[in-house]
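Overview (structure and organization)
The chain contents come next:
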Amino acid sequence: MLYIITEDSNSSRDFWQCVAQTFRPVDSFLLVPFPSGSDGQNASGNTTLKAQVLSIFPKLQEGDKVFVAVDCVANNTQGFSAHDFVKWGTRLCMKKEVDFVATSYWCFEDLYLSYDEVLAMYLKNPMAENVVIGALQYVHDNLQNGTDYFDTSQEIQNFIDLHNSAGKNREHFANELLMEVTRALKGNGHFAITKSAGAFHKSAECWLRDCSDIKEKMAPQQVINICDKKCKYCCKDKGTVDKLIDLDTRSICKDSDYQLQQI
Amino acid sequence: MRQCYDWQSNVLKFTDVNGNKYNLKFRGNKTIVHGDSATGKSLLCTMLKSYINDNNNASFKPYNADNIFIVSKDNKDKLSLQKGKLIIIDRAELILDDQMVEIINADRGDNRYLIFLRKPMGIELSPNYFGTLCKKDGELQLEYECYVRGWA
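The rules we used
Every chain begins its residue count from 1, and numbering advances along the sequence as written. Each chain takes a letter, starting from A, and each ligand takes a number, starting from 1, following the order in which they are written. Totals for whole chains, interfaces and linings use all residues, but because this is a predicted model, local features are given only for residues with pLDDT of at least 70 and pairs of side-chain atoms are given and counted only at 80 or more. Put simply, DSSP marks the helices as runs of H or I at least four residues long and the strands as runs of E at least two long, and each gets a number from the N terminus on. Based on C-alpha atoms, the radius of gyration is set beside the globule rule, defined as 2.2 Å times the residue count to the power 0.38. Any residue whose C-beta has 12 or fewer other C-beta atoms within 10 Å is treated as exposed, any with 20 or more as buried, and any in between as partly exposed, C-beta atoms being built from the backbone. By the convention adopted here, residues make contact when the C-beta atoms placed from their backbones lie within 7 Å. Note on pairing: two strands pair once DSSP finds at least 2 bridges between them. Side-chain classes are defined by residue name, with Ala, Val, Leu, Ile, Met, Phe, Trp, Tyr, Cys and Pro counting as nonpolar, Asp, Glu, Lys and Arg as charged, and the others, Gly among them, as polar. Every angle, taken between N-to-C directions, lies between 0 and 180 degrees, and every axis is a line fitted to C-alpha atoms, over only the stretch in contact when it is a helix. Working definition: roughly parallel below 35 degrees, roughly antiparallel above 145 degrees, roughly perpendicular at 65 to 115 degrees, and oblique for all remaining angles. Each helix crossing is assigned a hand: it is left-handed if the near helix lies turned anticlockwise from the far helix by less than a right angle, otherwise right-handed if that turn is clockwise. A set of buried Ala, Val, Leu, Ile, Met, Phe, Trp, Tyr and Cys residues, joined to one another through C-beta atoms within 7 Å, is what we call a nonpolar core. Throughout the structure description, domain borders are defined by an automatic or database domain assignment.

1. With respect to the overall build of chain A
Counting its secondary structure elements, chain A contains 11 helices and 6 strands. Computed over its C-alpha atoms, the radius of gyration of chain A comes to 19 Å, within 12% of the 18 Å expected for a compact globule of 263 residues. In terms of principal-axis extent, the alpha carbons of chain A reach across some 55 × 45 × 40 Å. Residues classed as buried in chain A amount to 41% of the 263 residues present. Residue pairs in contact within chain A that sit at least 24 positions apart in sequence constitute 62% of those at least 6 positions apart.

2. Considerations on the pairing of strand 5 (residues 30-33) of chain B
Residue and element names in this part refer to chain B. With burial as the criterion, each face of strand 5 is covered, one bearing Lys30 and Ile32 and the other bearing Thr31 and Val33. Bridge count for strand 5 against strand 9 (residues 112-116) is 4 bridges, and the pairing is parallel. Bridge pairing links Ile32 to Ile115 in strand 9. Two elements, strand 5 and strand 10 (residues 130-136), share 2 bridges in a ladder whose sense is parallel.

3. As for the interface of chain B and chain A
Listed by partner, the interface residues are 20 residues for chain B and 29 residues for chain A. For the side of chain B that touches chain A, the class distribution of residues is 10 nonpolar, 6 polar and 4 charged.

4. Section: the packing of helix 1 (residues 11-23) of chain A against helix 11 (residues 240-249) of chain A
Residue and element names in this part refer to chain A. Running from amino to carboxyl end, helix 1 crosses helix 11 at an angle of 115 degrees, the nearest separation of the two axes being 10 Å. What the angle tells us is that helix 1 and helix 11 run roughly perpendicular. For the crossing formed where helix 1 meets helix 11, the hand is left-handed. Across the interface between the two elements, Cys18, Val19 and Thr22 from helix 1 touch Thr240, Val241 and Leu244 from helix 11. By residue class, the composition of the contact of helix 1 with helix 11 is 4 nonpolar, 2 polar and no charged.

5. Focus on the sheet that holds strand 6 (residues 99-102) of chain A
Two strands in a sheet stick together by hydrogen bonds in their backbones, pointing the same way (parallel) or opposite ways (antiparallel). All names here are of chain A. Strand order in the open sheet made by the 4 strands is 2-1-3-6, with parallel pairing throughout. Of all the strands in the sheet, just strand 2 (29-31) and strand 6 have a single pairing partner and so form its edges. Averaged over all neighbouring strand pairs, the angle between strand axes comes to 20 degrees, with direction disregarded. The pairing of strand 3 (residues 65-69) with strand 6 spans 4 bridges and is classified as parallel. Bridge pairing in strand 6 places Val66 opposite Phe100. Each of strand 1 (2-6), strand 2 and strand 3 is contacted by helix 1, which is oriented at about 165 degrees to strand 1, the strand it contacts most. The strands that helix 2 (residues 49-56) touches are strand 1 and strand 3; relative to strand 1, the one it contacts most, it runs at about 160 degrees.

6. Overview of the packing of helix 6 (residues 130-145) of chain A against helix 8 (residues 170-184) of chain A
Residue and element names in this part refer to chain A. Axis separation between helix 6 and helix 8 bottoms out at 11 Å; the angle between their running directions is 120 degrees. Regarding the angle of helix 6 to helix 8, the classification is oblique. In the packing of helix 6 onto helix 8, the handedness of the crossing is left-handed. For the pair helix 6 and helix 8, contact is made by Val132, Ala135, Leu136 and Val139 and by Leu177, Glu180 and Val181, respectively. Residue composition of the contact of helix 6 with helix 8, grouped by class: 6 nonpolar, no polar and 1 charged.

7. A few points about the nonpolar core
In terms of nonpolar packing, the biggest core is built from 115 residues, with Val66 and Leu177 of chain A together with Leu48, Ile68, Ile88 and Ile115 of chain B touching the most fellow members. The contact partners of Leu48 of chain B, leaving out residues within four places of it in the chain, are Cys4, Ala65, Ile68, Ile70 and Ile88 of chain B.

8. Concerning the domain arrangement of chain A
Accessible area lost during the coming together of the parts is what is often quoted as the interface size. Residue and element names in this part refer to chain A. Taken domain by domain, chain A comprises domain 1 (2-102) and domain 2 (108-257). Taking the mean C-alpha position of each, domain 1 and domain 2 sit 26 Å from one another. The class makeup of the residues in the side of domain 1 that touches domain 2 is 5 nonpolar, 5 polar and 2 charged.

9. With respect to the sheet that holds strand 8 (residues 86-89) of chain B
All names here are of chain B. The sheet built from 9 strands is open, its strands ordered 2-3-4-11-10-5-9-8-7 with mixed pairing. Both edges of this open sheet fall to strand 2 (5-6) and strand 7 (68-71), since each of them pairs with a single strand only. As paired strands, strand 8 and strand 9 are joined by 4 bridges and run parallel to one another. Its bridge partner being in strand 9, Leu86 is matched across the sheet by Arg112. With respect to the sheet, helix 1 (residues 41-53) is in contact with strand 4 (21-25), strand 5, strand 7, strand 8, strand 9, strand 10 and strand 11 (139-144), its orientation differing from that of strand 7 by roughly 125 degrees.

If you want it as structure tokens, here you go:
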């Protein structure tokens, strides 16, 4: 059994649910529900991760896997340390011979920033800006090489000069850059990735959902104008499996200990 | 005079007056060292401070520590002025404030950091860069706890 734990109900939860639904039999995984807060509402956030692990711990059996999608593995706030959490979870699950796995990226945005297709599509965009191209290419190449990109290079500095808050830390930078890049692809389809819940069902659905399902919701003329004429995505007219496999083989996933298909 | 800290190789290496050897090889620009008391964290800082402060006995100084800045409560306002330094913060939980954390998080390589810290204070750093000090081959060394490629 695979237990999927996420920090909150944002786009990363949608993403990992979709991955599990695509590559695992339906009764072989569980998206762990959020614990209830003091007000009776569902509580979320990184401080609930331990509670989520503990809530399933009695059920865990040898050979199960606990998969934790952290928003940012570098978060070390006063109430939560990703480093301590990963250590704690690994030790706890070891007691039951259960694998404890955390997402193998710095932050969720890195997954798409490292994706060859995001870079290729942005380069084909006539509205692409040189500063953004420079930053995206630099980030993409560093991620593919397994090196840190948030450094003193001119490409990073130029982007920060345009987007002040991107200089706050690497997670902010990644978020600003991915939103800027995918927002620019909007005219070609629904490719705008945001942090908000349901993004992969709305503004960014073209990255994951079956094209035929998306087209069903659209007016026939829109299908012709956008999907047929403007869409430059290499997985155009394809389904979720093909889209995820393409991401898996052309992003940082390909060099991680486990790939999306191995979830 | 030898440098205690070599920027190019990113290694802090020296022998103190008592013959204790230190050889810390860093993985990136920022490292958080945690772990038990009496593992040598404060001793390392004390020894380095003596090389930095002992200007009067310059001829007896075995090492140059000019590219090291050790943060204390008295000089923490100078953190933002540093460039090209290995910045060491001992007992960081007693020294760091929100403004300093912001400066460190936004620093993309102008300086490097060795932070001795017992509790999370908001420094953005992946588990790849958390380590402990340990005695190995007669030297005090830095041992990182894990490595995941995507966390680099």
